[in-house]
Amino acid sequence: MTEGEKQQIYALRLKGVGYKAIATVLGKSRDTVRIFCKHNGLEGDAKVVSLNVKEQMKNHVLCSSCGKLLKQKGRGRVRKFCSDECRRKWWNENPQARKKRETATYNYTCPQCGGSFSCYGNKKRKFCSHDCYIKYRFWSEEDGI
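As recorded in an unreviewed UniProt entry, the protein chain goes by RNA polymerase subunit sigma-70 and comes from Robertmurraya beringensis.

Structure follows, in structure tokens:
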């Protein structure tokens with residue numbers, strides 16, 4: 001069984017799909033899918049499995065991105081992700097989860113193009129883009145550009 005098939009079984013099982021339907025989609029036998037699910041903690045009623053996995057992710061027993069089992073350390077912050085790749089992937093897919101403060105958003109006018117822009121967290125920014133910075137810094141009127 002390939003890694004892609006394993007991920008597909010996992011995703012379908014979390015959606016509440018049964019063994020037989022997953023086996024039909026993948027072209028595998030029902031028992032192959034059932035055994036894989038049993039070894040990975042996805043056995044039982046499909047709807048209950050999807051609810052249990054979501055609850056485990058919320059309680060940080062499973063990785064919030066890929067669903068792998070997490071090993072928590074004795075002290076320190078509770079781990080939510082199994083790796084840096086999973087952490088980056090999850091934050092890129094869920095930008096609405098970031099808590100941005102309104103006081104950290106700054107509004108400016110670009111000295112090159114005159115357009116207004118806003119940026120988050122950088123109060124020393126002057127230009128709306130790198131292109132405007134290059135034009136302002138290195139291009140001049142006598143260059144004919």
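Having seen it, we continue.
S.K.: Tell me about the overall build of the protein chain, residues and numbers included.
M.R.: Along the backbone of the protein chain there are 6 helices and 2 strands. Counting from the amino terminus, the protein chain carries its helices and strands in the arrangement α-α-α-α-α-β-β-α. A total of 145 residues make up the protein chain; the buried ones form 21% of that total. In the protein chain, 23% of the contacts between residues at least 6 apart in sequence involve partners at least 24 apart. For the protein chain, the exposed area adds up to about 11100 Å²; of that, 49% sits on carbon and sulfur atoms.

S.K.: Let's hear about the pattern of salt bridges: which residues, and what values?
M.R.: Applying the stated criterion to the full structure yields 5 salt bridges. Measuring nitrogen to oxygen at the nearest pair gives 3.7 Å for the salt bridge that ties Arg 34 to Asp 31. Taken as a pair, Arg 34 and Asp 31 lie in helix H3 (residues 30-39) at a separation of 3 residues, close to a single helical turn. The partly exposed category is assigned to Arg 34, whose relative accessible area is 30%. Lys 135 serves as the salt-bridge partner of Asp 131, at 3.4 Å between the closest nitrogen and oxygen. With Asp 131 and Lys 135 both in helix H6 (residues 130-138), this residue pair falls 4 residues apart, about one helical turn. A relative accessible area of 27% means that Lys 135 is categorised as partly exposed.

Procedures and definitions
- Residues numbered from 1 in each chain as written.
- Predicted model: local features only at pLDDT ≥ 70, side-chain atom pairs only at ≥ 80, totals over all residues.
- Heavy atoms only, no water.
- Helix = DSSP H or I, 4+ residues; strand = E, 2+ residues; numbered from the N terminus.
- Buried < 20%, exposed > 50% of the residue type's maximum accessible area, 1.4 Å probe, protein only.
- Contact = heavy atoms within 4.5 Å.
- Areas by Shrake-Rupley, 256 points an atom, 1.4 Å probe, with all protein chains shown as cover.
- Salt bridge = Lys/Arg side-chain N within 4 Å of Asp/Glu carboxyl O.

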